[in-house]
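Architecture at a glance
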Amino acid sequence: MNKIRNAMSIDVEDYFQVSAFAPYIARGEWDARECRVERNIARILDLLDAKQVKATFFTLGWIAQRYPQIVREIVARGHELASHGFGHERASDLDRAAFLKDVGDAKALLEDLGGVEVKGYRAPSFSIGKDNLWAFDVLQECGYRYSSSVYPIEHDHYGMPDSPRFAYEVRPGLIEVPVTTLRWRGKNYPSSGGGWFRLLPYGVSRWMIERFNRIEGRSAVFYFHPWEIDPEQPRIPGIDAKTRFRHYVNIGRTESRIEQLLGDFAWGRMDEIFLAPTGAERLAA
Ligand SMILES: [Zn+2]
């Protein structure tokens, strides 16, 4: 194990809220769907406890409102409570006033339920990019201290390939912490979570994080979702082949891979790694 502590993050949402399912599941149907997030978060919290890892939970206001116990449990077990916005709308689909309401309401509700300051925000589907950089002004206005909302890659649903790959001050007092990418022959590749983690053999994912730590000398940012460790989740009928593949590929193997990943590296909360005084990013727990 190398000496660098990486950041572990979980986007707290249910399987039916995934952006790629939006064409198939209307928002109005969310309440009628079988909920899996409580069970999945309970499993994740136990996994983290077993490995003595503290992580960051970017939690949806929609989930917090219906399952406040999840929020209290995250805080009680020593993890960082952060915001994934309220209704899981892409930031790029909202105008400034609607975005302000979404991120402001989520922060207020989470702080109320959790009794802690909510410092971090992650946009659904990494939806801050070159066309809506005003979103950073709004986050700053709301009192967020960091964001993890830009993915510096090319992707059909998101991404801003020419933006910085490492944490940087994007507005005074507001840091953007991009999800980790590997740079190879002038291009950035996703290397820290999401569908790629399920698709690629575990050894490749581990190698990418090791390589990032070694070459860049920085903390990686890894992310996953509660539904990714849930092979029993109800299947959504009628979805196109690409969406089906991306959502379900190797879904039965992810929990054991996460378990392995937690043991193979040192991990910590986003706020402790990226908001701490200089140099903390490089130190092991
Ligand atoms: Zn999300």
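Look up: the structure comes first, before these words.
So, here is what we can say about the structure in this document. The shown structure was predicted, so the numbers you read here are calculated from the model rather than taken from an experiment. (Residues numbered from 1 in each chain as written. Predicted model: local features only at pLDDT ≥ 70, side-chain atom pairs only at ≥ 80, totals over all residues. Heavy atoms only, no water.)

**Considering the coordination of the zinc ion**
Coordination sphere of the zinc ion, protein contribution only: Glu13 (OE), His84 (NE2) and His88 (NE2), at 2.0 to 2.1 Å. The sequence pattern describing where the donors of the zinc ion fall on their chain is E-x70-H-x3-H. With a gap of 75 residues between them, glutamate 13 in the loop between strand S1 (5-12) and helix H1 (37-50) and histidine 88 in the loop between strand S3 (80-83) and helix H4 (96-114) connect regions that are remote in the sequence. Comparing glutamate 13 with histidine 88 shows no difference in burial state: the two are buried. (Donors = N, O, S within 2.8 Å, 3.2 Å for Na, K, Ca; no water. Helix = DSSP H or I, 4+ residues; strand = E, 2+ residues; numbered from the N terminus. Buried < 20%, exposed > 50% of the residue type's maximum accessible area, 1.4 Å probe, protein only.)

**Thoughts on the pattern of salt bridges**
Per the stated rule, a full pass over the model turns up 22 salt bridges. Arginine 36 is the partner of glutamate 34 in a salt bridge, and the nearest nitrogen-oxygen pair spans 2.9 Å. Owing to a relative accessible area of 12%, arginine 36 belongs among the buried residues under this scheme. Arginine 206 is the salt-bridge partner of aspartate 264, the closest N and O atoms lying 3.2 Å from each other. One end of the pair, aspartate 264, is in helix H9 (residues 254-264); the other, arginine 206, is in helix H7 (residues 202-216), with 58 residues separating them in the sequence. (Salt bridge = Lys/Arg side-chain N within 4 Å of Asp/Glu carboxyl O.)

Shape is all these values report; function is a separate question.
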